[in-house]
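# Structural overview
What follows is each chain in one-letter form.
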Protein chains: 2
Amino acid sequence: MEFMPVERVRRRIPDATVVRLPIYLRILVEQADEKVEWISSEGLAELAGVNAAKVRKDLSYLGSYGTRGVGYEVAFLVYQIRRELGLTHDWPVVIVGAGNLGQALAGYGGFGERGFPVAGVVDIEPAKVGSVIGGVRVRHIEDLAQIVHSRRVHIGVVATPPGAAQDAADRLVSAGVTSILNFAPVVLVVPRGISVRKVDLAVELQILSYYEQRRAGVGLHAVTSNDAGRGASA
Amino acid sequence: MEFMPVERVRRRIPDATVVRLPIYLRILVEQADEKVEWISSEGLAELAGVNAAKVRKDLSYLGSYGTRGVGYEVAFLVYQIRRELGLTHDWPVVIVGAGNLGQALAGYGGFGERGFPVAGVVDIEPAKVGSVIGGVRVRHIEDLAQIVHSRRVHIGVVATPPGAAQDAADRLVSAGVTSILNFAPVVLVVPRGISVRKVDLAVELQILSYYEQRRAGVGLHAVTSNDAGRGASA
DNA sequence: ATGCACTCGTGCATACATTCACAAAGCGGG
DNA sequence: CCCGCTTTGTGAATGTATGCACGAGTGCAT
């Protein structure tokens, strides 16, 4: 029992749903490209590899945007999901670490297209500074704060070797970044309120190894899933 | 109520735990390198950015390998986790797609070191065939089955453009691969029993965008997490 | 030998997520 | 205008995961 805030804090969307919304969004955009104007929860569920009831519940957190007996209007849903995810404007990102991975990330055009233009790439190694990757010149890490401020960067990507990752994160945070995508196999320690997500290739492979290894034991077991249900069938 | 199988099927480890075990493992190996011989659930929890009770419960699925009043023997835990994850031997992987990402993955030495040597890289583009990346010569995708069989590959990595991903997955499956790590922003459809995990950079950024955008609204809210609790504090 | 400090292992309560199942609502045909 | 078909939105049931709290071992000091 508690006082109701004067202005509703905005309905919180469950974490599990937040993870799936970008997937729905991608599918819906593809459908829109193919001139599909309406889609049912069943149809979307099929394409996303999840249960239809889950799709409906997920979408219901955005509001009641479906039409009974018909389905959801694709373009409208795209708009609503974009709005909810904060994708109505670009989010420039800064990449720390111009090694193998940092270069691949900067060179991979998909970021910009999807609303996350690379505002800068920095490295601590003077030898790496100056080279151009993906149309962006690598700058020294000392310039990080300047880049973050001038380009209004909120999201940083850590693509350094493990030993340098915490330092990179610290620098990002003190430069004013509030969200970090971490590719280094390290648990970052950050102040409360900073969002961190990590992508660890070795961890993913080890998880696969577990299920692979179990397969050898007894034939039971279905399908692995990261966070959103990924698909079986055939 | 059910008959007990004659031979215990091997206690199933909850998915959430399977995701954390590789993280504990990495930390424990680091500790071992630093000559730390014993660690408490509290200590490990601190380093992994999770709750101590969670660590104990997770480890209890492996068996009762701790010593009350003392903690866990690092080397022994490393051994047990490796065994449970099936990391007692190498798992060669084959990478489909020799583009930007495929090259970065093949070139990144971390795979081999962690028990996932690159058994081969294939591409459908004849122009890419023949070049050498990360010490491995790129071969044509027609050779996929041959590589999978001769090198006993169970795990495939899809690093193709979105449009080619499903085809890559189909070829991997029919070549005999039973686990797939998918980097393409596509929901793969695979037969039952095939494990798939996906890594989608755009999705990760969009999730960060959501929390970033909420931050603008009201100051509440803690920290994002993929699947294992990632850390706050400072 | 006894007691004290410490840490594991786990039952239980709570929180979160998924799925089912069905009433309510919209659409189109006659 | 009404009926039957379709599909949403959501309560309730089930399943999974988290975290607390505490009993039960273990080691060390006296």
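Scroll up to find the structure.
What you see is a predicted model, and the numbers here were worked out from it, not measured in a lab. (Residues numbered from 1 in each chain as written. Chains lettered and ligands numbered in written order. Predicted model: local features only at pLDDT ≥ 70, side-chain atom pairs only at ≥ 80, totals over all residues. Heavy atoms only, no water.)

Attention shifts here to the packing of aromatic side chains. Residues and elements named next belong to chain A. As enumerated under the stated definition, the model contains six aromatic pairs over all chains in all. Considering the side-chain rings of Y108 and F111, the 5.8 Å spacing of their centres and the 75° angle between planes classify their relative orientation as edge-to-face. Judged by relative accessible area, Y108 falls into the partly exposed class, the value being 34%. Under the relative-accessibility criterion, F111 is labelled buried at 2%. (Phe/Tyr/Trp six-rings, centres within 6.5 Å; stacked < 30°, edge-to-face > 60°. Buried < 20%, exposed > 50% of the residue type's maximum accessible area, 1.4 Å probe, protein only.)

Turning our attention to the environment of B:L181. Secondary-structure assignment places B:L181 in strand β9 (residues 179-182). Residues B:L181 and B:V93, 88 residues apart in the sequence, show an inter-C-alpha distance of 9.8 Å. Excluding its chain neighbours within four sequence positions, the residues that come into contact with B:L181 are A:E204, A:L205, A:L208, B:G156, B:V157, B:V158, B:R197 and B:V199. (Helix = DSSP H or I, 4+ residues; strand = E, 2+ residues; numbered from the N terminus. Contact = heavy atoms within 4.5 Å.)

Residue and element names in this part refer to chain B. We note that K35 has phi near 65°; this positive angle belongs to a residue other than glycine. Here the phi dihedral of R152 falls at roughly 50°; this positive angle occurs in a residue that is not glycine. With respect to the helices and strands, the residue R152 is situated in the loop between α7 (144-150) and β8 (155-158).

So, about the pairing of strand β5 (residues 118-123) of chain A. Residues and elements named next belong to chain A. The buried count for β5 comes to six of six residues, which makes it a mostly enclosed element. As judged from the four bridges shared by strand β4 (residues 93-96) and β5, these two strands associate in the parallel manner. The residue bridging V94 from the neighbouring strand is G120, located in β5. (Pairing = 2+ DSSP bridges.)

Residue and element names in this part refer to chain B. Judged by pairing direction, the sheet is antiparallel, and its three strands sit side by side in the order β1-β3-β2 without closing on themselves. The open sheet has two edge strands, β1 (38-39) and β2 (66-67), and neither has a second partner. Alignment of β1 against strand β3 (residues 71-73), held across two bridges, turns out to be antiparallel. Within β3, the residue paired with W38 across the bridge is E73.

Taken together, 25 residues form the shell around DNA strand C, and within it A:R20, A:R68, B:S41, B:R56 and B:Y72 come nearest. Atoms of DNA strand C within 4 Å of the protein: sugar and phosphate make up 68%, bases the balance. A distance of 3.3 Å separates a phosphate oxygen of DNA strand C from a polar atom in the backbone of B:Y65. In this structure, B:G66 approaches DNA strand C through a main-chain N or O atom, which is 2.9 Å from a phosphate oxygen. (Near = heavy atom within 4 Å. Polar contact = N/O pair within 3.5 Å; in protein donor to acceptor, adjacent residues only side chain to side chain.)

This brings us to the pairing of β4(A). Residues and elements named next belong to chain A. Side chains V93 and I95 project from β4 onto one buried face, and the interleaved V94 and V96 project onto a second face that is buried too. Of the strand pairs in this sheet, β4 and strand β8 (residues 155-158) are connected by four bridges, and their pairing is parallel. Paired with V94 across the strands is G156, a residue of β8.

Time to look at the nonpolar core. By size, the foremost hydrophobic cluster in this structure holds 104 residues, and its most contacted members are A:Y24 and B:Y24. If near-sequence neighbours (up to four positions away) are discounted, B:Y24 is found in contact with B:L44, B:A48, B:V50, B:K54, B:V55, B:D58, B:L59 and B:I81. (Core = buried A, V, L, I, M, F, W, Y, C linked by side-chain atoms within 4.5 Å.)

Turning our eyes to something else, we now look at helix α3 (residues 52-60) of chain A. For an α-helix the count is 3.6 residues per turn, leaving residues at separations of three or four pointing the same way. All names here are of chain A. Among the residues of α3, A52, V55, D58 and L59 are the ones counted as buried. Taken around the axis of α3, the buried residues stretch over an arc of 125°, which confines them to a single face. Residues of α3 that are buried in the fold lie against α1 (15-33), α2 (41-48), β3 (71-73) and α4 (74-85). The backbone nitrogen of A53 has a side-chain oxygen 2.6 Å away, supplied by the residue at the start of α3, namely N51. (Arc of directions from axis to C-beta.)

For the pair chain A and chain B, the superposition axis carries a translation of 0.0 Å, the fit reaches an RMSD of 0.0 Å, and the rotation angle comes to 180°. Both copies are brought into coincidence by an operation consistent with a two-fold rotation axis. Looking at chain A, 100% of its interface residues are interface residues in chain B too, so the copies touch through the same face. (Least-squares fit on C-alpha atoms with pLDDT ≥ 70 in both.)

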